[in-house]
Amino acid sequence: MNILCVYSFTSFATSKQPLYNSTQIPHGISYIAACLKQSGHTVKLAVFTPVSSIHEELKDIINEFRPGLACLTAVSSQIPLIKKIGEAIKQIDPSIFIIIGGVHTTLNPEETISYDFTDAVCIGEGEKAVVELARQLELRHSPSQIFNLWIKNRNTGQVEENTVQPFIEDLDSLPFIDREMWDPFISNLRGMQMVLAGRGCPNKCAFCSNHVLAKVAEGRYVRFRSPNNIIAELHNLITRYGQIESVFLETETLEANLTYTYQLLSELAELNSKLSAPLKFGTNLVVTNKIKDNRDLLRAFKQANFKFFMIGLESGSEKIRSEVLNRPRYSNADFIEFCQIAREYDIDIYINVLIGLPGETRRDFEETIKCVRNCQPNWGISANIYFPYPGTKLFQLCQDQKLLGPNARTTISERTSSVLKLTGFSKWQIKKEYILFYYKVFKGYKPWTDIMMRTVYTAFEAFPKVKRLISIIFPWMLLKKLRLILHQNN
Ligand code: B12
Ligand code: SF4
């Protein structure tokens, strides 16, 4: 059967090639596509941005490709665009069966099944479910009794709510993600690559969806692929793209299982010893007691040629971290020390922070600036204005404390405008801090041209409507260029 997979971008480099490199490939829909292909189906990918002519483009694709099934995916911010896409597909050809999956659907199945165009929604991991769905559709059955799926009866409107199977235990049993379908949409194919090393996180931060996703199914939530399986995918990447420089090993926190981490690092070091141009690696870490001054671990990372870590500080206020965010325990001193030690091992740091958290005041945020300034993260920084995701503990707290403003479900300014009414930190103060964060962290450390460019770019990001207007007036290439320069500077 012909199956159309659809992805949407709210923030993008150019409308023709919205991904600036392969690290933006979404794994979820790529695993879905790979499993469908493995089962003998023909899969096509369509990618849309807010400037796409959705109806016209879909009409051409549907007339030419004639899909029987459309697979849509969404995190919360993608829902408004995905709704337009789903509606357009049904208008063009009502016989196409539409299924939506992804984090937003998993956390809000009642909402997503209620969209007129939706025929089924997937809760949790969808690899097995989608293959079974395609099998039943190909046999012209009315789909029924498929684990993880809620299926709508078009005639009665009734929804069949099937149970959710345990999390996939052996990630090695899955095929590698389908990269081929993404190539036409990536600006810089030889840039950094991303490989998913594992799924799930053992921590329970109140702002993150992981504590909710962990409860969706039975079984082990935190899982890693075997080092051999990851290395086989790396070989596959080298065969496909030739010389690749760096690879980001995506998983929420690689140090969740230290025995595994050491084994993986030693095998990556061995792989690199056989390559004429060793691969540089990066990953996400959480600073905890297990790793804060663990020089053995850092040495092992260095031997495997790790060059960058992405770390969440989230807030420099220890009170906000423990009382609001439920972060793993680390003091600011631990955090700063870890960054310093990593630098001794020649590993660059990238720090993520949040602004405008419930209970946060300007003074709390000053502690965030101070802590990040003390770290001087040489790979870069990212500040996001806190956006409450429905289903999370912190969303519930915002709701209970009546902090949610009228635009709390408006995703156009997700993470670039505050949707909360905070007493100690106004929306405009939050926006100002968001724009000036780079300046405040790097003033006196980085060239003023770099600081100015970054600040101007962040100011665009802070006002998405203005950014969109400017992008229409000026060619997309300008924004793309600025984005690429800033990316290279990181
Ligand atoms: C890696 C990652 C990224 C990467 C890669 C993006 C990606 N989409 O994969 C990058 C850094 C680019 C990224 C960016 C963003 N991310 Co992110 N990211 C993650 C992370 C850590 C892992 C995602 C992943 O690869 N999981 C493994 C794959 C295999 O699982 P999956 O995507 O859920 O897909 C499975 C199921 O959902 C289902 N499924 C998915 N789609 C479909 C479709 C069909 C048809 C079916 C049947 C099933 C199905 O089956 C899949 C396979 O099992 C998650 C945390 C998490 N635990 O999910 C956050 C997370 C998904 N990100 C999040 C956010 C907010 C973002 C950003 C908006 C941040 C920003 N402002 O830039 C952007 C949005 C980008 C986008 N459009 O997706 C939130 C989403 C919250 C929410 N409620 O929507 C999460 C949950 C983290 C959090 N804060 O809680 N992200
Ligand atoms: S450590 Fe990171 S991925 Fe894990 S729960 Fe906290 S924010 Fe989410």
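Every chain begins its residue count from 1, and numbering advances along the sequence as written. Ligands are numbered from 1 and chains lettered from A, in the order in which they are written. With pLDDT at 70 or above as the cut-off, local features in this predicted model cover only qualifying residues; side-chain atom pairs require 80 or more to be listed or tallied, and sums for whole chains, interfaces and linings still use all residues. Side-chain numbers here rest on the full set of heavy atoms in the structure, without hydrogens or water.

**Comments concerning the overall build of the protein**
Stage number 1. Of regular secondary structure, the protein possesses 18 helices and 17 strands.
Stage number 2. We compute the radius of gyration from the C-alpha atoms alone; for a globule the expected value is 2.2 Å times N to the 0.38, where N is the number of residues. Its C-alpha atoms give the protein a radius of gyration of 23 Å, within 12% of the compact-globule value 23 Å for 490 residues.
Stage number 3. Along the first, second and third principal axes, the C-alpha atoms of the protein reach 65 × 55 × 45 Å.
Stage number 4. The buried share of the protein, reckoned over its 490 residues, is 57%.
Stage number 5. A contact between two residues is defined here by any heavy atoms of the two lying within 4.5 Å. When contacts within the protein are restricted to residue pairs at least 6 apart in sequence, those whose partners lie at least 24 apart make up 75%.
Stage number 6. In the form shown here, the protein has an accessible surface area of approximately 21,400 Å², with 51% of it arising from carbon and sulfur atoms. Helix and strand assignments come from DSSP, with helices taken as H or I runs of at least 4 residues and strands as E runs of at least 2, each series counted from the N terminus. The cut-offs for exposure are 20% and 50% of the maximum accessible area for each residue type, with area from a 1.4 Å probe on protein chains only; residues under the lower value are buried, those over the upper are exposed, and the others partly exposed. Here the accessible surface of atoms and residues is derived via Shrake-Rupley with a 1.4 Å probe, and residues count as covered only by protein chains that are part of the display.

**Details of the site of ligand 1**
Stage number 1. We call a residue near a given molecule or strand whenever any one of its heavy atoms falls within 4 Å of it. Close to ligand 1 lie 35 residues; Thr 73, Gln 78, Glu 127, Ser 209 and Glu 252 are nearest.
Stage number 2. The definition of a polar contact used here is a pair of N or O atoms within 3.5 Å, where within protein one atom must be able to donate a hydrogen and the other to accept one, and adjacent residues in sequence count solely through side-chain atom pairs. Here Arg 199 contributes a side-chain N or O atom positioned 3.3 Å from an oxygen atom of ligand 1.
Stage number 3. Ser 209 has a polar backbone atom sitting 2.7 Å from an oxygen atom of ligand 1.
Stage number 4. At the level of elements, helix 1 (27-38), strand 4 (69-73), strand 5 (97-101) and helix 7 (210-213) are the ones that each hand at least two residues to the shell around ligand 1.

**Let's talk about the side chain of Ser 22**
Stage number 1. Within the element layout of this structure, Ser 22 appears in the loop between strand 2 (19-21) and helix 1.
Stage number 2. For Ser 22, a relative accessible area of 1% translates into the label buried.
Stage number 3. Not counting residues within four places of it along the chain, the set of residues in contact with Ser 22 comprises Ile 186, Leu 189, Met 192, Gln 193 and Met 194.

**Description of a negative patch on the surface**
Stage number 1. Negative charge collects at one region of the surface, where Glu 56, Glu 57, Asp 60 and Glu 64 lie side by side.
Stage number 2. Along the chain, the position of Glu 56 falls in helix 2 (residues 54-65).
Stage number 3. Judged by its relative accessible area of 49%, Glu 56 is partly exposed. Exposure above 30% relative accessible area and the absence of a salt bridge qualify a residue for a patch, where like charges join within 9 Å and nonpolar side chains (Val, Leu, Ile, Met, Phe, Trp, Tyr) within 5 Å. For this analysis, a salt bridge means a side-chain nitrogen from Lys or Arg found within 4 Å of a carboxyl oxygen belonging to Asp or Glu. We treat Lys and Arg as the positive residues and Asp and Glu as the negative residues; His and chain ends play no part in the count. Note that the charge is assigned to NZ on lysines, CZ on arginines, CG on aspartates and CD on glutamates.

**Re the packing of helix 15 (residues 427-442) against helix 16 (residues 448-462)**
Stage number 1. Interaxial angle, 0 to 180 degrees, is taken between N-to-C directions of lines fitted to C-alpha atoms, where a helix line uses only the stretch in contact. Where helix 15 contacts helix 16, the two axes come as close as 9 Å, and the packing angle between them is 165°. Considered as vectors, helix 15 and helix 16 are oriented roughly antiparallel to each other. The two elements helix 15 and helix 16 cross, and the hand of that crossing is right-handed. Every residue of helix 16 that contacts helix 15 at Lys 431, Tyr 434, Ile 435, Leu 436, Tyr 438, Tyr 439 and Phe 442 is listed here: Asp 450, Ile 451, Arg 454, Thr 455, Thr 458, Ala 459, Glu 461 and Ala 462.
Stage number 2. Split into classes, the residues belonging to the contact of helix 15 with helix 16 amount to nine nonpolar, two polar and four charged. Throughout, the term roughly parallel applies to angles under 35 degrees, roughly antiparallel to angles over 145, roughly perpendicular to angles from 65 to 115, and oblique to all others. It is the rotation of the near helix from the far one that decides the hand of a crossing: anticlockwise by less than a right angle makes it left-handed, clockwise makes it right-handed. Here the nonpolar group is Ala, Val, Leu, Ile, Met, Phe, Trp, Tyr, Cys and Pro; Asp, Glu, Lys and Arg are the charged ones; every other residue, Gly included, is treated as polar.

**What to know about the packing of aromatic side chains**
Stage number 1. Each Phe, Tyr or Trp ring, with Trp reduced to its six-membered ring, pairs with another whose centre is within 6.5 Å; inter-plane angles below 30 degrees give stacked pairs, above 60 give edge-to-face pairs, and intermediate values give tilted ones. Applying the stated criterion across every chain yields a total of 18 aromatic pairs.
Stage number 2. Here the aromatic rings of Phe 167 and Tyr 221 are separated by 5.1 Å at their centres, their planes lie at 50°, and the arrangement is tilted. With Phe 167 in the loop between strand 8 (159-161) and strand 9 (186-188) and Tyr 221 in the loop between helix 7 and strand 12 (223-224), the pair connects residues that are 54 residues apart, well separated along the chain. The pair formed by Phe 167 and Tyr 221 is uniform in burial state, with each residue classed as buried.
Stage number 3. Judged by centre distance (6.1 Å) and plane angle (25°), the ring pair of Phe 309 and Phe 338 falls under stacked. Taken as a pair, Phe 309 in strand 15 (residues 306-314) and Phe 338 in helix 12 (residues 332-344) lie far apart in primary sequence, 29 residues in all. Here Phe 309 matches Phe 338 in class, with each residue buried.
Stage number 4. Throughout this description, the term charge over a ring refers to an Arg CZ or Lys NZ atom that lies within 6 Å of the ring centre and within 35 degrees of the ring normal. Across the ring face of Tyr 31, the terminal group of Arg 199 is positioned such that the distance to the ring centre comes to 4.9 Å.

**A few points about the nonpolar core**
Stage number 1. Within the largest apolar cluster, 83 residues are counted, with the highest numbers of intra-cluster contacts made by Leu 234, Leu 249, Phe 306, Phe 309, Phe 335 and Ile 351.
Stage number 2. Considering each element in turn, this core owes the most residues, seven residues, to helix 15.
Stage number 3. In these notes, a set of buried Ala, Val, Leu, Ile, Met, Phe, Trp, Tyr and Cys residues joined through side-chain atoms within 4.5 Å is what counts as a nonpolar core. Grouped together as the second largest cluster of nonpolar side chains are 38 residues, Leu 45, Cys 71, Leu 171 and Ile 177 included.

**Points about the domain arrangement of the protein**
Stage number 1. Residue ranges assigned to each domain were obtained from an automatic or database domain assignment. Assigned domains within the protein: domain 1 (2-161) and domain 2 (190-445).
Stage number 2. Using C-alpha coordinates to define each centre, domain 1 is positioned 29 Å away from domain 2.
Stage number 3. Every contact between the two is made by 18 residues of domain 1 and, on the other side, 18 residues of domain 2.
Stage number 4. Together, Thr 23, His 27 and Leu 107 form the three largest contributors to the area buried by domain 1 at its contact with domain 2, with a combined 34%.
Stage number 5. At the boundary of domain 1 with domain 2, the tally comes to three salt bridges.
Stage number 6. Residue Arg 199 pairs with Glu 127 through a salt bridge whose shortest N-O separation is 2.8 Å.
Stage number 7. On the surface where domain 1 and domain 2 come into contact, there are four residue pairs in polar contact (both at pLDDT 80 or more).
Stage number 8. Sorting the residues of the side of domain 1 that touches domain 2 by element identifies helix 1 and helix 4 (103-107) as the ones contributing at least two each.
Stage number 9. Among the elements that make up the side of domain 1 that touches domain 2, the one with the highest residue count is helix 4 (four residues).
Stage number 10. Partitioned by chemical class, the residues of the side of domain 1 that touches domain 2 number five nonpolar, ten polar and three charged. By definition, the buried area sums, over both parts, the 1.4 Å-probe accessible area that each loses when the two are put together.

**Describing unusual backbone geometry**
Stage number 1. Despite not being glycine, Arg 66 shows a phi value in the positive range, around 50°.
Stage number 2. Here Arg 66 lies in the loop between helix 2 and strand 4.
Stage number 3. Judged by its relative accessible area of 53%, Arg 66 falls in the exposed class.
Stage number 4. Of note, Asn 326 is a non-glycine position whose phi angle comes to about 55°, a positive value.
Stage number 5. In this structure, Asn 326 sits in the loop between helix 11 (318-325) and helix 12.

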